[in-house]
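The primary structure of each chain is shown beneath.
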Amino acid sequence: MTAFVALRPQLFYVAFRILGNTTESEDVLQDTWLRWQNTDRARVLDPPAFLARTTARLALNVAQSARSRHETGAAPWAAETIDTTTDPVTRAERAEALELALHLLLAKLNPTERAAYVLRVAFGYPYSQIADNLQLSGVNTRQIVSRARKRLFTERGKPVSSVEHQRLVDAFVAAAQSGNFTDLENILTVDADRHRIHTDRFRVQATERSTRIRQHAVAR
């Protein structure tokens, strides 16, 4: 219990940055403590990292719940999770929370939704600039960001490629630390363009299929 007590302020910070809610953050810490009590400490090589990971995962689970969505409407992450301090515990906490959050985006949002959401919510891009980057109307861009917020809390996630996940993590961290968003923009917009091309091709094929079926029915 000594390790948990010593790290409690940092663990609370991890939960609060994800949830933005004091009561829920305290609940998460209670759950973390229970997990810690039921863990074989002899097998835990790095207690601070273990507790930070456990807290981040539990907090993200709460953030995805309907109750959290109704009460706070908060995004489960933001660019502020990036940390450049020399405190290894804080870096571990924030890095873990960021990686889990980006994994959530990859699992639940399509590339267009992901691009719009990251640029708007994490980095505060104007809707007009996002619309230009993604070749969308301003109205459509707002709708996509709104839909993405809802899907993060309601959609079931799909499997995520570890390569794709690491690529997004690296680009996100580099952008947040350097202030240069070129590489991140390129990754997000290229993925969105490919998704749009694939979707358009699927729609054309579906229309052609439907037309052939109708023509066949008429010929009969």
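The rules we used
- Residues numbered from 1 in each chain as written.
- Predicted model: local features only at pLDDT ≥ 70, side-chain atom pairs only at ≥ 80, totals over all residues.
- Heavy atoms only, no water.
- Helix = DSSP H or I, 4+ residues; strand = E, 2+ residues; numbered from the N terminus.
- Expected span 1.5 Å × (residues − 1).
- Buried < 20%, exposed > 50% of the residue type's maximum accessible area, 1.4 Å probe, protein only.
- Arc of directions from axis to C-beta.
- Axes fitted to C-alpha atoms, helices over the stretch in contact; angles between N-to-C directions.
- Parallel < 35°, antiparallel > 145°, perpendicular 65-115°, else oblique.
- Left-handed = near helix turned anticlockwise from the far one by under 90°.
- Contact = heavy atoms within 4.5 Å.
- Phe/Tyr/Trp six-rings, centres within 6.5 Å; stacked < 30°, edge-to-face > 60°.
- Core = buried A, V, L, I, M, F, W, Y, C linked by side-chain atoms within 4.5 Å.

Enquirer: Sorry if this is basic, but what is going on with helix α2 (residues 22-37) here?
Expert: Given 3.6 residues to a turn, an α-helix orients residues that are three or four positions apart in the same direction. With 16 residues, α2 ought to run about 22 Å at 1.5 Å a step, and its terminal C-alpha atoms sit 23 Å apart, in line with that. Among the residues making up α2, those that are buried are E24, S25, V28, L29, T32 and W36. Taken end-on, α2 shows its buried residues confined to a sector of 145 degrees, consistent with a single buried face.

Enquirer: Even after reading the chapter, I still don't get the packing of helix α1 (residues 2-19) against α2, so can you show me in this structure?
Expert: The description of two packed helices rests on the angle between their axes and on the distance between the axes. Running from amino to carboxyl end, α1 crosses α2 at an angle of 135 degrees, the nearest separation of the two axes being 9 Å. On the basis of their axis angle, the class for α1 and α2 is oblique. In this structure, α1 meets α2 at a crossing whose hand is right-handed. Touching A3, F4, R8, L11, F12, A15, F16 and L19 of α1 are T22, E24, S25, E26, V28, L29, T32, W33 and W36, all from α2.

Enquirer: Would you mind going over the packing of aromatic side chains with me for this structure?
Expert: Geometry of an aromatic ring pair is reported as the spacing of the ring centres plus the angle between the planes. Under the definition given, this model contains two aromatic pairs. Plain terms: the ring middles of W36 and F50 are 5.7 Å apart, the flat faces sit at 45 degrees to each other, and that makes the pair tilted. One end of the pair, W36, is in helix α2; the other, F50, is in helix α3 (residues 47-64), with 14 residues separating them in the sequence. Residue class for W36 comes out buried when judged on its relative accessible area of 3%. Their ring planes at 70 degrees and their centres at 5.9 Å tell us that Y125 and F181 sit as a pair that is edge-to-face. Here F181 lies in the loop between α9 (162-178) and α10 (182-219) and Y125 lies in the loop between α6 (111-122) and α7 (127-134), a separation of 56 residues in the sequence. Residue classification places F181 among the partly exposed residues on the basis of a relative accessible area of 24%.

Enquirer: Looking at this model, I keep getting lost on the nonpolar core. Mind explaining?
Expert: Taken as a class, soluble globular proteins show a tendency for nonpolar side chains to be buried jointly. Ranked by internal contacts, the top residues of the largest apolar core, which has 32 residues, are L102, L105, V118, F123, F172, L184 and L188. Membership of the second largest hydrophobic core comes to 19 residues, among which are F4, A15, L58 and L60.

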